[in-house]
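# Per-entry structural report
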Amino acid sequence: MINAIGRDIPDYIEGFGQVKHYRGAFATLPGGNAYGPPIRASRPGAVKVCSGLEELFKLLGLKSGMTFSFHHHLRNGDEVVNQVLAVAAKLGLKDIGVSLTAAFATHAPMIGHINNGVVTSLRTSGVYGPLAVAISGGLLPGPVVLHTHGGRPRAMAGGEHRVDVAFVAAPAADERGNVSGVSGPSACGSLGYAFSDADYASVVVAVTDNLVPFPLAPASIPQNKVDFVVTVDSLGDPQGIVSGTTKVTKDPVGLKIADTAAKAILASGLLKDGFSFQTGAGGASLAAAHYVGRMMREGRIRGGFALGGITGYMVDMLEEGLFKNLYDVQSFDLESVRSLGRNPSHLEVSADLYANPFNPGCLVNDLDVVILGATEIDVGFNVNVVTGSDGVLMGAAGGHPDTAAGAKMTVIVTTLLRSRLPIVVDRVIAATTPGETVDVLVTEYGLAVNPERPELRERFIKAGLEVKDIHELKALAQSIAGVPERIPQGERIVALVEYRDGTIIDVVREAAE
Amino acid sequence: MEVRRSILFVPGNNPGMVQTAGLFGADVLVFDLEDAVAPSEKDAARDLVSMALAEVDYGRVDKCVRLNSLDTFCQADLEVIVPSCPDLLMLPKVHRAQDIVELAGLLDGLEGPYQGKIGILAIIESPQGLAEAYDIARSHERLMGLLMGAEDYTAMVGSLRTKAGHEIAVARSLVVNAAAAAGIESFDAVFTDVNDEEGLAADSLLAKNLGFTGKAAINPRQVKTINDAFNPSPGEIAYARLVLKSLRQAEREGSGVASVGGKMVDAPVAKRAEKVMELAEKLGLPGAGDE
């Protein structure tokens, strides 16, 4: 069937099942009641601590066909997924479903587990590194399901995505199962992506290399959600968890784009007291925050909140009084980890509160402006963030579709060309965020406004910004770099791009040899 | 370009920077074939710059190429670059008037019959060049400006190059004076600390106040600061407007003397006001133009 953005998606996909087709950003609504996990009881004196993963597997009688879940707050430093799957393989388990909020290069050992049948399915917001390349080549028996950060808690609350055991990597935990991310050798700050796992998994296991005396308070995930605490030698490599600092770019082209984005925000009229804002951790996104901060200072504007993945740069803005609160679903650097631990205005939020479209109050709906990136954007303003221009998986849907849908103004920042490839194209390889939720594209050659937002266009022109038609930008890119040949792709579907409401907005087909 | 406040140097061997050079608001783009390019890469850089001049739309800017000096690769540079019709050529290490005459002669031989005449910008970066700056400045009709080259100059006289720039104070003024005497433009040296925005702003303002008509930039991030410094300030524009208004009024009333705020408007004040307003009009700044 042809869906609402013109993609021809099969009604049934082998290895996945019946497809719910994308009908529009707000067209699909929920029904029924929320799913609940099994009710558990505990007696005084019961022991939760287990001294190893293998012991836990035997104690719980974990078996083939189960679904295990993990969060990605340890990012490329994570070893918990590898440790758990190694034990599953050792004990002869097969057909394990993995639910991992994002997969990095460190998770390359999963390739071996998929090859030998230990792992047979994967749900994630995005895949990076060797695993991404292997999946693009058809590694998994069925397609990987790429969800959004809001879409995952939605699927868990709706009972569509059920988890047998949640393995929650815990930088600090006590013997009763209180868990925190702000201390310990593997401190990663917010544990926001794991909250839904703690709410909906049948069994919740905290995996820690830092068992601290009871009571660990404040806890991100409290003991009434946690069944077991497993101690391991190490959760992973702290170097891969957080970068020491995240800095504003010095690249003149990135700065020009950021400057234009900031001017567009000023011209939009949204930059006033109570302003709410989200931006990424990339150098150009931070540069946009830098310019926005400068305008807030000059205009004596006190913002409401900044949301999403938090960096030290946003922490500085909080401490300076430019924002009243930070809502932190993921802490990107050491400064944000430290701030979350000490500043009561810096709040840890769940992915559900952050972005689930099927609850009565996700925070993305309260955003004035979000600045987002793109690996490709097409003339219908549809954005790809899950594959490169070569059609190979290389990124994450993350909160991109969620924040774009929620924010009053969604700004995509990208260079017009990357190396010698046009980024503004006729049709993106994998639409992740639908054009109806994207308002502005900013490139180094000027900005384009979604024709559905004529009032924004008027404001930008009045402010003297260089407004172009998106077709004009595409033509400019092609005049510089030529028209790229269409990437050859196989027939087999290797990834499903699931929109936040649970419909399938696009598919990624097997990368050609 | 009618106004040349900022001159941006772009390494001639960097395709990405050559492609995006026009995006930062510089009035003059200088594609560098000299210091930025190793001898083994000169031919590749010439081809890249030549293609860019012919193919890339840089908008309303002056396109300039910094040649290698006359005693090195200049001739080879010219053979590739001249047919691509740059607006200007920048000659480094100009020590005497004859250098400009020699380059002009080479251009006469290479320019096509329907090609406009390419202008020349001379870099004054040696003690000898500075001593002969006025002769150089009036050496040839193609010469449109002098650029102060502070790094080579201070190295040759043996002075310490500092951010404050006291060591080049006299040199700067000599360049400004030589150019003004010959009726051509003068450009201040680059400010090399690309991360010191405040330092650059102060240095640019100093250059403007010394009489330079513009300043060179070695990083696109410096362009806006330089342009802002060389733009007439709102205060300057407002004052110039008052001066011109009082002159017109005096003329209407047949009075020989105009005054603003109780001070007489003499010829230099009037001249300065006209220059400020002309520049503001060219740049389309607020407050410029007729009331």
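Residues and elements named next belong to chain B. Relative to the elements of secondary structure, aspartate 188 occurs in strand 7 (residues 185-188). Relative accessible area serves as the criterion here: at 0%, aspartate 188 is assigned to the buried category. A distance of 2.9 Å separates a polar atom in the side chain of aspartate 188 from a polar atom in the side chain of lysine 215. If we skip the residues at most four places from it in the chain, aspartate 188 touches Leu147, Met148, Arg172, Asp203, Ala207, Phe212, Gly214, Lys215 and Ala216.

The next point concerns empty space enclosed by the protein. Space left empty within the atom packing is revealed by a probe, the size of a water molecule, rolled over the atoms. Residue and element names in this part refer to chain A. Considering all chains together, one arrives at one cavity of 30 Å³ or more under this definition. For the largest cavity, the calculated volume is near 30 Å³. Every residue along the wall of the largest cavity is listed here: Thr101, His149, Arg152, Pro153, Tyr193, Ser196 and Ala351. Of the residues belonging to the lining of the largest cavity, the class tally is three nonpolar, three polar and one charged.

Below, the discussion takes up the nonpolar core. Ranked by size, the top nonpolar core spans 224 residues in total, and within it Phe68, Met110, Phe167, Phe277 and Phe460 of chain A together with Leu146 of chain B carry the most contacts. Ranked by residue count, the leading element in this core is helix 8 (residues 252-268) of chain A, at nine residues. Discounting residues that sit within four places of it in the chain, phenylalanine 277 of chain A has contacts with Ile265, Ala289, Val292, Phe305, Ala306, Leu307, Met314, Phe323, Leu367, Val369 and Ile371 of chain A.

Residue and element names in this part refer to chain B. One closed barrel holds the eight strands; their spatial order is 1-2-3-4-5-6-7-8, and the pairing between them is parallel. Strand-to-strand, the axes of this sheet are offset by a mean angle of 25 degrees, without reference to chain direction. Where strand 1 (residues 6-11) meets strand 8 (residues 214-217), three bridges bridge the pair, whose relative direction is parallel. Of the residues in strand 8, the one forming a bridge with isoleucine 7 is alanine 216. Sheet strands in contact with helix 4 (residues 97-110) are strand 4 (88-91), strand 5 (119-124) and strand 6 (143-148), and its direction is about 150 degrees off that of strand 5.

All names here are of chain A. Sheet topology places strand 3 (residues 49-50) next to strand 12 (residues 228-231); two bridges connect them, and they run parallel. Within strand 12, the position partnered with cysteine 50 by the bridge is valine 230. Relative to strand 12, strand 11 (residues 203-208) is paired through four bridges, and the arrangement is parallel. The residue of strand 12 that forms the bridge with threonine 208 is threonine 231.

We describe a pair of aromatic rings using the distance from one ring centre to the other and the angle between the two ring planes. Scanning the model with the defined rule gives nine aromatic pairs over all chains in all. Aromatic pair phenylalanine 31 of chain B and tyrosine 58 of chain B: ring centres 5.4 Å apart, planes at 50 degrees, arrangement tilted. Residue phenylalanine 31 of chain B is found in strand 2 (residues 28-32), and its partner tyrosine 58 of chain B is found in the loop between helix 2 (42-55) and strand 3 (62-66); the two are separated by 27 residues along the sequence. Of the two residues examined, phenylalanine 31 of chain B and tyrosine 58 of chain B, each falls in the buried class. Every member of this aromatic cluster is reached through a ring pair, and the members are Phe57, Phe68, Phe70 and Phe167 of chain A.

Here we take up the domain arrangement of chain B. One can read the domain layout of chain B as domain 1 (6-230) and domain 2 (234-283). For domain 1 of chain B and domain 2 of chain B, the distance between their C-alpha centroids amounts to 34 Å.

Turning to the pairing of strand 27 (residues 489-498) of chain A, a few remarks are in order. All names here are of chain A. Bridge count for strand 7 (residues 144-146) against strand 27 is three bridges, and the pairing is parallel. Within strand 27, the position partnered with valine 145 by the bridge is leucine 496. Strand direction decides the pairing type here: strand 27 and strand 28 (residues 504-511), joined by six bridges, are antiparallel. Considered in strand 28, the bridge of glutamine 489 is made with alanine 511.

With nine residues of chain B in contact, the opposing surface of chain A contributes ten residues. Summing both partners gives a buried area of about 810 Å² for chain B against chain A, and 61% of it is carried by carbon and sulfur. On the chain B side of the contact with chain A, Gln19, Leu23 and Arg221 of chain B bury the most area, a combined 61% of that side's loss. In this structure, the connection of chain B to chain A is made through zero salt bridges. Run the count over chain B and chain A and you get three residue pairs in polar contact (both at pLDDT 80 or more). Partitioning the side of chain B that touches chain A into residue classes produces three nonpolar, four polar and two charged.

Our next topic: the environment of glycine 299 of chain A. All names here are of chain A. Here glycine 299 shows up in the loop between helix 9 (283-298) and strand 14 (303-310). By relative accessible area, glycine 299 is classed as partly exposed at 44%. Distance in space between the C-alpha atoms of glycine 299 and glutamate 320 is 14 Å, their sequence separation being 21 residues.

All names here are of chain A. The ten strands lie next to each other as 3-12-11-8-4-5-6-7-27-28, forming an open sheet whose pairing is mixed. Where the open sheet ends on each side, the last strands, each with one partner, are strand 3 and strand 28. Contacting strand 3, strand 4 (67-70), strand 8 (165-170), strand 11 and strand 12, helix 1 (residues 53-60) crosses the sheet at an angle of about 150 degrees to strand 12.

All names here are of chain A. Looking at the secondary structure, you find alanine 289 in helix 9. Residues alanine 289 and leucine 326, 37 residues apart in the sequence, show an inter-C-alpha distance of 14 Å. Once residues within four sequence positions are removed from consideration, alanine 289 is found in contact with Phe277, Thr279, Tyr313, Met314 and Met317.

Below, the discussion takes up helix 9 of chain A. All names here are of chain A. Helix length check: helix 9 (16 residues) gives 23 Å between terminal C-alpha atoms against 22 Å at 1.5 Å per residue, within 8%. In the core, the buried residues of helix 9 are packed alongside helix 8, strand 13 (276-279), strand 14, helix 10 (312-319), strand 15 (323-331) and strand 17 (369-372). Directly after helix 9, the chain includes arginine 300, whose backbone phi takes a positive value near 50 degrees.

With that settled, the discussion passes to the packing of helix 10 of chain A against helix 11 (residues 334-342) of chain A. All names here are of chain A. Contact pair helix 10 / helix 11: the axes reach a minimum separation of 8 Å and the direction vectors enclose 40 degrees. With respect to each other, helix 10 and helix 11 are oriented oblique. Where helix 10 crosses over helix 11, the handedness of that crossing is left-handed. Packed against helix 10, whose contacting residues are Gly312, Val315 and Glu319, the element helix 11 presents Glu335, Ser336, Ser339 and Arg342 at the interface. Broken down by class, the residue content of the contact of helix 10 with helix 11 amounts to one nonpolar, three polar and three charged.

Once that is clear, we can look at the domain arrangement of chain A. Residues and elements named next belong to chain A. Domains assigned within chain A are domain 1 (52-240) and domain 2 (252-486). The C-alpha centroid of domain 2 is placed 29 Å from the C-alpha centroid of domain 1. Contacts between domain 1 and domain 2 engage 32 residues on the former and 29 residues on the latter. Of the roughly 2200 Å² buried at the junction of domain 1 and domain 2 (both faces included), carbon and sulfur atoms supply 61%. At the surface where domain 1 touches domain 2, the tally comes to zero salt bridges. One can count 17 residue pairs in polar contact (both at pLDDT 80 or more) joining domain 1 with domain 2. For the side of domain 1 that touches domain 2, the secondary-structure elements that each account for two or more residues are helix 4 (129-136), strand 7, helix 5 (151-157) and helix 6 (195-200). Here the side of domain 1 that touches domain 2 gets four residues from one element, more than from any other, and that element is helix 4. When grouped by side-chain class, the residues that make up the side of domain 1 that touches domain 2 number 14 nonpolar, 16 polar and two charged.

What counts and what doesn't
Residues numbered from 1 in each chain as written. Chains lettered and ligands numbered in written order. Predicted model: local features only at pLDDT ≥ 70, side-chain atom pairs only at ≥ 80, totals over all residues. Heavy atoms only, no water. Helix = DSSP H or I, 4+ residues; strand = E, 2+ residues; numbered from the N terminus. Buried < 20%, exposed > 50% of the residue type's maximum accessible area, 1.4 Å probe, protein only. Polar contact = N/O pair within 3.5 Å; in protein donor to acceptor, adjacent residues only side chain to side chain. Contact = heavy atoms within 4.5 Å. 1 Å grid on protein atoms, 1.4 Å probe; cavity = no way out; pocket = protein on both sides within 12 Å on 5 of 7 lines; lining within 4 Å. Points joined across faces, edges and corners; volume = space filled by probe spheres on them. Nonpolar A, V, L, I, M, F, W, Y, C, P; charged D, E, K, R; others polar. Core = buried A, V, L, I, M, F, W, Y, C linked by side-chain atoms within 4.5 Å. Pairing = 2+ DSSP bridges. Axes fitted to C-alpha atoms, helices over the stretch in contact; angles between N-to-C directions. Phe/Tyr/Trp six-rings, centres within 6.5 Å; stacked < 30°, edge-to-face > 60°. Domains from an automatic or database assignment. Buried area = accessible area lost by both parts, 1.4 Å probe. Salt bridge = Lys/Arg side-chain N within 4 Å of Asp/Glu carboxyl O. Expected span 1.5 Å × (residues − 1). Parallel < 35°, antiparallel > 145°, perpendicular 65-115°, else oblique. Left-handed = near helix turned anticlockwise from the far one by under 90°.

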